[in-house]
Amino acid sequence: MATDPRFKAAAAALATQAANPRVQIPVSRKVVEPDKLTGTAVGELLDQLAGFMFDPLGFVMWAFPWGEEGTSLEDQQGPEEWQREQLLRIGQRLREGGAAGAVIEEDTVAGRGVGKSALVSWVILWAISTYPDTRGVVTATTEGQLRTKTWAEVGKWHQMFIAKQLFTLTATRIMVADDQREKTWKIDAVPWSANNVEAFNGLHNQGKRILIIFDEASGIDDAIWDGTEGVLTDANTQILYLRYGNPTRTSGRFFHNCTSQKRNTVTRVDSRTVSFSNKAQIQAWIDDYGDDSDFVRVHVKGMFPRAGFSNFISPELVDQARRRRLKPSEYQAFPKILAIDPARFGDDESVITLRQGPKIHYQVALQGFDGPDLAGRIFELVRKDGPISVIVYDAIGVGADLDSSLRRMPGLGAPLMPIQWGQPASDDKQYANQRAEAWGKFRDWLEAGQVPDEDEFSRQATSVDYAYDNKFRIQLQSKKDIRKNGGKSPDKIDSACLSMLPDVVQFRGVSAKVRPVKRRTVVWSRS
């Protein structure tokens, strides 16, 4: 493709005039006298930018040196088909909205290496350069992702942008190159935090344009999604709310949006459909893992996994267990197990679970109970629902107080099984510790088990991620990390999982008893 002479002429003119302090280089020609720019390359450039206000695809084709020798785009002719379709759709919605504006919500779920970051960069540059006083926020699942991938890609395309001198790109912001307007004409790269929702719900730009982009949206906390909803209320405003991600999590708002489409448009992109993907590597994955494996579904097809790629327990498995109704004959022959996950004071709950074979009869959630109080409640339940074959509980940390109270409780009538979650698993080749092993047994148990028909139970069951340690053993996300990311501790599921351990861990029951206090002989002496 021959080089467009206008591209080189405009770029040269911009560089010359950018060094001339007597002439500003604004996107809006109203800032300076029109005759200073009329007939110049800069004036032509500004006219072109204004003409792409409702045409993001046209902008992308015009703003970058596609096919030009000596550039990184010399072998490329333009966007991929899925990128073109989204850009066309955005332009059409804006034209239809006209002066009344539009609220455009897009969710793009994709396999690896399909060009999501490139499209994000194009949209950012188009949005800020074709509408005066545009404001926006871009975030990603982690600060590292935002800085080193998303924003780095913006920098790459900014360098090739025909009008790059009009806008200043920093490590955290792109803004108009005008000291008087840089605070009102900008798009910020903001790491999300569940404790800083105001950075998102405070973004208003009545009568103008707002751009909000979530990159790797599956890892962004629901609190940020909820806070961003308030931005969508500005009337007569162009509002673009675009979310992109890989289908790694089967919970959260991104998963919900992509699987329960409402006012949003959902695009799924298969890595095999883009021109620059490594087809040999993709085929190797298919050969190794299978065409319908979760690995290929997530990394190639852009489809959410059946069993949860990051989430340890799948929603489908829990839903089936919620709907299951067992006959008494299917569980009455099994012993009853009482399991307790004690909690600190605060938002966490101490949860008592009664399980009998394949059925969880009930769960009791308590807040504000210390060790002796919780032991008293356990005593009541043993008397009411006994005989109980064993009482199993987490005995470390806050559980130590409960352990001490249960050991000193006379007439409890059931052996005690104190557990330390961090201890090595019985199957230490597959699981990193007892907690991971208990969750693994619970996941297997769900195949035929019946659980409480409660939304909160399901939410907690599917909210915990997992990874592998350096010995390739399953290791669950810790409660501390869940809270740090703004989540709620899965107390109900930890309690249910504790009930699995008597079946897999060798133990000697501890009987509750009163420990006699030895009398001491005190000898008084006078000095």
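Residues numbered from 1 in each chain as written. Predicted model: local features only at pLDDT ≥ 70, side-chain atom pairs only at ≥ 80, totals over all residues. Heavy atoms only, no water.

What follows is about the overall build of the protein. Broken down by element type, the protein carries 18 helices and 15 strands. The buried share of the protein, taken over its 527 residues, is 53%. The long-range share in the protein, meaning contacts at least 24 apart out of those at least 6 apart in sequence, stands at 71%. For the protein, the computed accessible surface area is about 24700 Å², with 49% contributed by carbon and sulfur atoms. (Helix = DSSP H or I, 4+ residues; strand = E, 2+ residues; numbered from the N terminus. Buried < 20%, exposed > 50% of the residue type's maximum accessible area, 1.4 Å probe, protein only. Contact = heavy atoms within 4.5 Å. Areas by Shrake-Rupley, 256 points an atom, 1.4 Å probe, with all protein chains shown as cover.)

Here we come to the sheet that holds strand β3 (residues 167–169). What the 8 strands build is an open sheet, ordered β3-β4-β5-β2-β6-β7-β1-β8; its pairing is mixed. Two strands lie at the open edges of the sheet, namely β3 and β8 (265–269), each paired on one side alone. Averaged over all neighbouring strand pairs, the angle between strand axes comes to 15°, with direction disregarded. Pairing between β3 and strand β4 (residues 173–176): 3 bridges, direction antiparallel. Opposite T168, over in β4, you have M175 as the bridge partner. Each of β2 (135–140), β3, β4, β5 (186–189) and β6 (209–215) is contacted by helix α6 (residues 143–160), which is oriented at about 130° to β2, the strand it contacts most. (Pairing = 2+ DSSP bridges. Axes fitted to C-alpha atoms, helices over the stretch in contact; angles between N-to-C directions.)

By the secondary structure assignment, A339 is in strand β9 (residues 336–341). Each C-alpha atom, one on A339 and one on A496, is 6.8 Å from the other, the two residues being 157 residues apart in sequence. In this structure A339 touches V351, I352, T353, V392, S495, L498 and S499, once residues within four positions along its chain are discounted.

Core analysis: the largest hydrophobic core is formed by 54 residues, its most contacted members being F59, F64, I124 and F161. Looking at this core, the element that brings in the most residues is helix α5 (residues 116–129), giving 10 residues. Beyond its immediate sequence surroundings of up to four residues, I124 is in contact with V138, W151, V154, I174, I187, L211 and I213. Of all hydrophobic cores here, the second largest spans 35 residues; its members include V318, I360, I482 and C497. (Core = buried A, V, L, I, M, F, W, Y, C linked by side-chain atoms within 4.5 Å.)

It is worth spelling out α5 at this point. Under the 1.5 Å per step criterion, the end-to-end length of α5 is 20 Å for 14 residues, consistent within 8% with the ideal 20 Å. Of all the 14 residues making up α5, 13 are buried; the element is thus mostly covered by neighbouring parts of the structure. (Expected span 1.5 Å × (residues − 1).)

What follows deals with the environment of I174. On the secondary structure map, I174 appears in strand β4. Considering only alpha carbons, one finds I174 and W151, 23 residues apart in sequence, at a separation of 9.9 Å. Non-local contacts of I174, meaning those with residues more than four positions away in its chain, are made with I124, L125, I128, W151, H158, F167, T168, L169, W185, K186 and I187.

Here we have 5 strands laid out as an open sheet, ordered β11-β10-β9-β12-β13, and mixed in their pairing. Edge positions in the sheet fall to β11 (359–366) and β13 (416–419), since each of these pairs with one other strand and no more. Taking each pair of neighbouring strands and ignoring which way they run, the sheet shows an average axis angle of 15°. Relative to strand β10 (residues 350–356), β9 is paired through 6 bridges, and the arrangement is antiparallel. In the strand pairing of β10, L338 is matched with L354. In the packing of helix α18 (residues 491–498) onto the sheet, contacts are made with β9, β10, β11, β12 (390–394) and β13, and the angle to β9 comes to roughly 140°.

Moving on, we come to the pairing of β6. For β6, the buried fraction is high: 7 of the 7 residues fall into the buried class. On β6, burial covers both faces: R209, L211, I213 and D215 on one face and I210, I212 and F214 on the other are all buried. Judged from the 6 bridges that link them, β2 and β6 form a sheet pairing that is parallel. Of the residues in β6, the one forming a bridge with R135 is I210. With 6 bridges joining them, β6 and strand β7 (residues 237–245) adopt parallel strand pairing. Looking across to β7, one finds that F214 is bridged to R243. Considered for its hand, the β-α-β crossover made up of β6, helix α8 (residues 222–228) and β7 is right-handed. (Right-handed = clockwise from strand over helix to strand, strands pointing away.)

Counting all residues, the mean pLDDT for the protein is 84, and 83% of those residues have values of 70 or more. Within the model, pLDDT remains below 50 along residues 1–37, and this stretch shows 65 contacts once partners closer than five positions in the same chain are excluded. Within the model, pLDDT remains below 50 along residues 512–527, and this stretch shows 12 contacts once partners closer than five positions in the same chain are excluded. (pLDDT = per-residue confidence, 0-100.)

All chains considered together, the criterion is met by 26 salt bridges. Residue R243 pairs with E105 through a salt bridge whose shortest N-O separation is 2.8 Å. With R243 in strand β7 and E105 in strand β1 (residues 101–110), this pair connects stretches of sequence that are 138 residues apart. Comparing R243 with E105, the two get one shared label, buried. Put simply, R263 and E105 hold a salt bridge, and the shortest N to O gap is 2.3 Å. In this pair, R263 is assigned in the loop between α9 (253–259) and β8 and E105 in strand β1, connecting sequence segments 158 residues apart. (Salt bridge = Lys/Arg side-chain N within 4 Å of Asp/Glu carboxyl O.)

Those residues of helix α14 (residues 399–407) not exposed but buried are G399, L402, D403, S405 and L406. One side of α14 carries all its buried residues, which in axial view fall inside an arc of 165°. Looking at the buried side of α14, the elements it contacts are β9, α13 (371–385), β12 and β13. (Arc of directions from axis to C-beta.)

It is worth spelling out the packing of helix α4 (residues 81–97) against α5 at this point. Closest axis-to-axis distance for the α4/α5 pair is 11 Å, and the angle between their directions is 30°. On the basis of the axis angle, α4 is roughly parallel to α5. Crossing of α4 over α5 shows right-handed handedness. Along the contact surface, α4 presents W82, Q83, Q86, L87, I90 and L94, while α5 presents K116, A118, L119, W122, V123 and W126. Taken together, the residues that form the contact of α4 with α5 break down as 9 nonpolar, 2 polar and 1 charged. (Parallel < 35°, antiparallel > 145°, perpendicular 65-115°, else oblique. Left-handed = near helix turned anticlockwise from the far one by under 90°. Nonpolar A, V, L, I, M, F, W, Y, C, P; charged D, E, K, R; others polar.)

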